[in-house]
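If you want the building blocks of each chain, they are given just below.
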Amino acid sequence: MLVKLVLTMFNPMIMIDLMVVLVAGMALGFVFRNRKRVNLEKVTLSTILALIFSLGFNIGSDNELLASMPRVGVNALLISLLTIVFSVVFLEIARKAARIK
Amino acid sequence: MIKYILVALALGIIAGYVNNNYGPAFPNGWVSDYLFNFSLILLLFVMGFVFGADKQAVANFRKTGWKIFIVPLSIAVGSILGGLVGGYILGINLVGSMAVSAGFGWYTLAGPLAGQLFGAEFGALGFAANFLRELFTILAVPLLVKAGKYAPVASGGATAMDTTLPVIVRYCGADSLIIAFLSGFVLSLIAPFTITAIAALPR
């Protein structure tokens, strides 16, 4: 049961697709690195906004998520903030130690 | 920039809520599957292109090399410790709170999984805590970047490979793309295992 649940949530194919698209973009960018630059700012900004809109849509249409917020909201708030702070601190320490620029 | 993001997020939440609860004007999947995946794929391609064309970014990545994997590992340890401290302060089951923060922001995974392993109350907590991590990261990237160059990558956790990636790259620069994506990728990969492994600890 548990294994089945993990497998339904965990879809490696989507992650592979994302990786392929990213690498293809990088390869093309590298090949055309000396060409005259086109401005991609507008494309990126409007796509980011489309992505954030659909993220919001997923939240708003998720009744289970909305129902869980008032019940566990305060606990979730504290845990998420501490998780963020500790991960940032640990990363900064590790970066200094390993000299990652 | 953050202004537009807030507006887009708010409009999305309202549209999703209205469409879901007052008779669907169109299937939810149009936005949550088609628009989401299309914009994500397009963004990754464009950001990859910008990275590949940026000589400085490519050189910087070559210099970092294998050390890049220290990034997701330190984020994982920090996240789980954050959950431990949070659970201690709240006086709830420590194993449960650690498992919740071992979702690294992937709420659609951490919610159901924590619910299965620790009961409904922790399911709701896993859902909400990880969702808030994603939300806070998007909202706080401009602030976080002042705390450290890759602080938004840490805050984003597993979401640094998709939903929070474009915002991170915009504020941290093109050379953060690979670190952010790989860190999110590794954290997404290990999240199901960290949650289940922590759940196996004695409680």
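Here goes a summary of the coordinates provided. Given the structure is predicted, the values throughout are model-derived calculations rather than measurements.

It is worth spelling out the overall build of chain B at this point. Check the secondary structure of chain B and you find 10 helices and zero strands. When the helices and strands of chain B are listed from N to C terminus, the series reads α-α-α-α-α-α-α-α-α-α. In terms of overall size, chain B behaves like a compact globule, its C-alpha atoms giving a radius of gyration of 18 Å where 203 residues would be expected to give roughly 17 Å. Over its C-alpha atoms, taken along the principal directions, chain B stretches across nearly 50 × 50 × 25 Å. Scored against the burial criterion, the 203 residues of chain B give a buried share of 56%. Partitioning the intrachain contacts of chain B with sequence separation of at least 6 by distance along the chain shows that 57% fall at a separation of at least 24.

Let us now look at the environment of Arg 133 of chain B. Looking at the element boundaries, Arg 133 of chain B is found in helix 7 (residues 120-147). Sequence separation of Arg 133 of chain B and Gly 103 of chain B is 30 residues, and the distance between their C-alpha atoms is 10 Å. When sequence neighbours within four positions are dropped, the list of residues in contact with Arg 133 of chain B reads Ser 80, Thr 83 and Ile 84 of chain A together with Gly 105 and Gly 157 of chain B.

Residue and element names in this part refer to chain B. As for its placement among the helices and strands, Ala 180 is situated in helix 10 (residues 176-199). Assessed through the 26 C-beta atoms surrounding it within 10 Å, Ala 180 is described here as buried. Counting along the chain gives 27 residues from Ala 180 to Val 153, while the straight-line C-alpha distance between them is 5.5 Å. What Ala 180 contacts, discounting residues up to four positions off in sequence, is Val 153, Ala 160, Leu 165, Ile 168 and Val 169.

About the thresholds
- Residues numbered from 1 in each chain as written.
- Chains lettered and ligands numbered in written order.
- Predicted model: local features only at pLDDT ≥ 70, side-chain atom pairs only at ≥ 80, totals over all residues.
- Helix = DSSP H or I, 4+ residues; strand = E, 2+ residues; numbered from the N terminus.
- Rg over C-alpha atoms; globule rule 2.2 N^0.38 Å.
- Buried ≥ 20, exposed ≤ 12 C-beta atoms within 10 Å, placed from the backbone.
- Contact = placed C-beta atoms within 7 Å.

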